[in-house]
Amino acid sequence: AFLQPHAGAIKRLLRADIAVRRALLGSTLCWLVAATVQPAVNARGKLQWLEDNRWTSLLVMVISAGIAAGSVLAGWFSRHSFQPWVPRLGAWGMVACLAMLAIPAGEKQHLLGYWGSIVALTLLGGFTGLFAVPLNVFLQSRPPAGLKGRTVATQNLLNWVGIFISTGIYWAANSLLGLLHWPNNGLFALTALL
């Protein structure tokens, strides 16, 4: 009984405000893709390229460095107001980077190789920061005062649902790639499609 009025208020907000619905969906999809990309990066380093822990960890670390830089840029581009082109640039940049990471070629079945992947993963992180930061700011500022906290709580719940779903997507995609004898680059193509 205590939760019902709160849930009803969020449902009414989501029915009435398409921009908030889209931002919540975008945030959830971003976390779903991120949770699919990280094990794909680890698999690329350890299984596809046979790198040790140090060099595989560097692949993951540069994504984080890129996110930090992209977050700063998102704040700088947005200044004091939400700029819709910033998350759009971030989304299309993520798609482009994921598509580049998916291209197979050469001895280790990847066009960019290790060092090219470092650059692409850093850019992927940067575009992720450009995408995620404005969405978070929008979801904290757009709802009415009494629903801001509940909207953020709904966002967090949906983000975890996306992360949970990503485990099934990763498992199914990885199994399919194994059956087809394709390199794990295909996981990046799938995330680009998502």
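Cut-offs applied
- Residues numbered from 1 in each chain as written.
- Predicted model: local features only at pLDDT ≥ 70, side-chain atom pairs only at ≥ 80, totals over all residues.
- Heavy atoms only, no water.
- Core = buried A, V, L, I, M, F, W, Y, C linked by side-chain atoms within 4.5 Å.
- Buried < 20%, exposed > 50% of the residue type's maximum accessible area, 1.4 Å probe, protein only.
- Helix = DSSP H or I, 4+ residues; strand = E, 2+ residues; numbered from the N terminus.
- Contact = heavy atoms within 4.5 Å.
- Axes fitted to C-alpha atoms, helices over the stretch in contact; angles between N-to-C directions.
- Parallel < 35°, antiparallel > 145°, perpendicular 65-115°, else oblique.
- Left-handed = near helix turned anticlockwise from the far one by under 90°.
- Nonpolar A, V, L, I, M, F, W, Y, C, P; charged D, E, K, R; others polar.

Trainee: Just checking my understanding: could you explain the nonpolar core for this structure?
Mentor: What tends to happen in soluble globular proteins is that the nonpolar side chains get buried as a cluster. Among the nonpolar cores identified, the biggest contains 39 residues, and V37, V41, L121, L124 and F188 are the most heavily contacted of them. Listing elements by their share of this core, those giving two or more residues are α1 (3–16), α2 (18–48), α3 (53–78), α4 (85–102), α5 (113–141), α6 (148–180) and α7 (186–193). Those residues within four positions of V41 in sequence are excluded, and the remaining contacts are T56, L59, V60, I63, L121 and F188.

Trainee: Could you clarify how one ought to interpret unusual backbone geometry in this entry?
Mentor: Note: most peptide bonds trans; most residues except glycine with negative phi. In this structure, H181 takes a positive phi of about 60° despite not being glycine. By relative accessible area, which is 70% here, H181 ends up exposed.

Trainee: I tried to follow the packing of α2 against α5 on my own but got confused; where do I start?
Mentor: Any two packed helices are characterised by the angle at which their axes cross and by the distance between the axes. Packing of α2 against α5 brings their axes to within 10 Å, and their N-to-C directions diverge by 155°. Classed by the angle they form, the pair α2 and α5 counts as roughly antiparallel. Viewed along their axes, α2 and α5 form a crossing whose handedness is left-handed. Counted together, A19, V20, A23, L24, G26, S27, C30, V37, V41 and R44 of α2 and S117, L121, L124, T128, F131, A132, L135, F138 and L139 of α5 form the full contact between these two elements. A class-by-class count of the residues in the contact of α2 with α5 yields 14 nonpolar, four polar and one charged.

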